[in-house]
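This is what each chain is made of:
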Amino acid sequence: MPRKSTSESKKRQSSPSFSPTQVYVSRIYFLLRKEFGDVNSPLQYSKDYEFAISVILSAQCTDERVNQVSPLLFAEFPTLESLASAPLKKIEKIIYPTGFYRNKAKSVSGFANLLLNEYDGKLPKSIQELIKLPGIGRKTANVVLNEIHHISEGFVVDTHVKRVSKKLGLTKQTDPVKVEKDLMQNVQSEYWMDLSLYFIFLGRKYCKAHKTFCETCILRKECPSSTSPID
């Protein structure tokens, strides 16, 4: 007969009223830090505005593909001024591999023009100002604030973060805005910046959309959704 576990993790797995605590969140954070180390955005850039444009291009596209395309775009248009005056057709041709290239080209052009003319080429330091720029939504604004200004006004929520945070019991919501609200309530603010990236990396490596690898996941003993037996 299998031995029954009395660990806190097992209790969480069987408890329908699981409520995340700060201790639980801290344990998750430090386990993921042990797994992934210091984290930065995988998007490559040399200028602040280039990073924001790369994030715009990354919508429904892999970071690897963006890193292949963005250097071509910035080589063809090496300044914000040249990008702002670039013909849409030329931008479309370069960024075509990222998908949705027509809409993205309009966003890139509009972003460059407004940033240049209204913000003197400098990225704003608040979500409220950033989302005024074409192509920048709340998620993108959070990413830019984290990477460029090292400011956490919110929690970056993409498909990986939404999926992982739900499995970890940090939210029951599916709408990204509501998920972010739950994460901001359940996660200590000092963890927001790194934990969003950790969740993305976890989602890509272990907690995939169509298959999970609980048996090798660093959080297998903590996650209330884990299917891995607890030692």
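By convention here, each chain's residues receive numbers from 1 onward along its written sequence. For this predicted model, a pLDDT threshold of at least 70 governs which residues receive local features, and a threshold of 80 or more governs which side-chain atom pairs are given and counted, while totals over whole chains, interfaces and linings are taken from all residues. No hydrogens and no water enter the side-chain calculation; it runs on all heavy atoms of the structure.

1. Observations regarding the packing of aromatic side chains
For the record, the criterion: A pair of Phe, Tyr and Trp rings is counted when the ring centres sit within 6.5 Å of each other, with Trp represented by its six-membered ring. The angle between the planes then sorts it: under 30 degrees is stacked, over 60 is edge-to-face, the rest tilted.
Counting across every chain of the model gives nine aromatic pairs. Of the aromatic side chains, those joined through ring pairs into one cluster are Tyr29, Phe30, Phe36, Tyr191, Tyr198 and Phe201.

2. Some words on the environment of Ser196
The following threshold applies: In DSSP terms, a helix is any run of H or I states spanning at least four residues, a strand is any run of E spanning at least two, and both are numbered starting from the N terminus. Residue contacts follow a heavy-atom distance rule, with two residues in contact if any of their heavy atoms lie within 4.5 Å. We define a polar contact as two N or O atoms separated by no more than 3.5 Å, with the added condition that, inside protein, one atom must be a possible hydrogen donor and the other a possible acceptor, whereas residues neighbouring each other in sequence contribute only through side-chain atom pairs.
Structurally, Ser196 can be placed in helix 12 (residues 192–205). The sequence separation of Ser196 and Val157 amounts to 39 residues, and the corresponding C-alpha distance is 7.2 Å. Apart from residues no more than four positions distant in its own chain, Ser196 is found in contact with Asn146, Phe155, Val156 and Val161. Engagement of the side chain of Ser196 in a polar contact is seen with the backbone oxygen of Met193, the distance being 3.0 Å.

3. Thoughts on the nonpolar core
Note the following rule: Here, nonpolar core means buried Ala, Val, Leu, Ile, Met, Phe, Trp, Tyr and Cys residues that are tied together by side-chain atoms lying within 4.5 Å of each other. The cut-offs for exposure are 20% and 50% of the maximum accessible area for each residue type, with area from a 1.4 Å probe on protein chains only; residues under the lower value are buried, those over the upper are exposed, and the others partly exposed.
Residues Ile53, Leu73, Leu83 and Phe111 are the most contacted members of the largest nonpolar core, which totals 39 residues. Elements with a contribution of two residues or more to this core: helix 3 (48–57), helix 4 (63–76), helix 5 (80–84), helix 6 (88–95), helix 7 (101–118), helix 8 (127–130) and helix 9 (138–149). Sort the elements by how many residues they give to this core and helix 3 lands first, with seven residues. When near neighbours in sequence (up to four residues on either side) are disregarded, Ile53 contacts Leu73, Phe74, Leu83, Val108 and Phe111. Core analysis: the next-biggest nonpolar cluster, separate from the first, contains 29 residues, Ile28, Tyr29, Tyr198 and Cys207 among them.

4. As for the layout of surface pockets
Quick note on the threshold: Think of a 1 Å grid over just the protein atoms. A cavity is a set of points where a 1.4 Å probe fits yet cannot get out, a pocket is an open set with protein on both sides within 12 Å along at least five of seven lines, and lining residues have an atom within 4 Å of a point. Grid points are joined across faces, edges and corners, and a volume is the space filled by probe spheres set on the points. Side-chain classes follow a simple rule in which Ala, Val, Leu, Ile, Met, Phe, Trp, Tyr, Cys and Pro form the nonpolar group, Asp, Glu, Lys and Arg form the charged group, and the remainder, Gly included, forms the polar group. Boundary definitions for the domains trace back to an automatic or database domain assignment.
Its volume calculated, the largest pocket comes out at about 1,000 Å³. Elements with a contribution of two residues or more to the lining of the largest pocket: helix 3, helix 4, helix 7, helix 9, helix 10 (159–167) and helix 12. No other element matches helix 12, which puts seven residues into the lining of the largest pocket. Of the residues contributing to the lining of the largest pocket, the split by class is 18 nonpolar, 14 polar and 11 charged. Here the lining of the largest pocket gathers at least three residues from each of two domains, domain 1 (48–149) and domain 2 (154–212).

5. Focus on the UniProt feature "domain: HhH-GPD" (unreviewed entry) in the protein
Rule in force here: UniProt positions are given in the numbering used here, feature names are shortened, and annotations may be inferred rather than shown by experiment.
Using the residue numbers shown here, the UniProt feature "domain: HhH-GPD" (unreviewed entry) corresponds to residues 57–205. Between the end C-alpha atoms of residues 57–205 the distance is 22 Å, and the span holds 64% helix and 0% strand.

6. Focus on the packing of helix 2 (residues 22–36) against helix 12
Angle between the axes and distance between the axes are the two parameters that describe a pair of packed helices. Under the convention used in this document: All axes are obtained by fitting lines to C-alpha atoms, using only the stretch in contact for helices, and the reported angles, taken between N-to-C directions, cover 0 to 180 degrees. Here is the rule for handedness: rotate from the far helix to the near one, and if that takes an anticlockwise turn smaller than a right angle the crossing is left-handed, while a clockwise turn gives right-handed.
Running from N to C, helix 2 and helix 12 point in directions that differ by 65°, and their axes come no closer than 10 Å. Along this stretch, helix 2 crosses helix 12, giving a crossing that reads as left-handed. Residues Val25, Ile28, Tyr29, Leu32, Arg33, Glu35 and Phe36 of helix 2 pack against Asp194, Leu195, Tyr198, Phe199, Phe201, Leu202 and Lys205 of helix 12. Grouping the constituent residues of the contact of helix 2 with helix 12 by class yields 10 nonpolar, no polar and four charged.

7. As for the UniProt feature "binding site: [4Fe-4S] cluster" (unreviewed entry) in the protein
Here, UniProt's "binding site: [4Fe-4S] cluster" (unreviewed entry) annotation points to Cys207, Cys214, Cys217 and Cys223. The greatest C-alpha distance among the annotated residues, which extend across 17 residues, is 11.0 Å, indicating that they converge on a single site. Position of Cys207 among the secondary structure elements: in the segment after helix 12. For Cys207, the contacting residues outside a window of four places in its chain are Arg163, Val164, Lys167, Leu202 and Thr212. Residue placement: Cys214 occurs in the segment after helix 12. In this structure Cys214 comes out as buried when scored by relative accessible area, which is 12%. Those residues in contact with Cys214 that sit more than four places away from it in its chain are Arg220, Ser226, Thr227 and Ser228.

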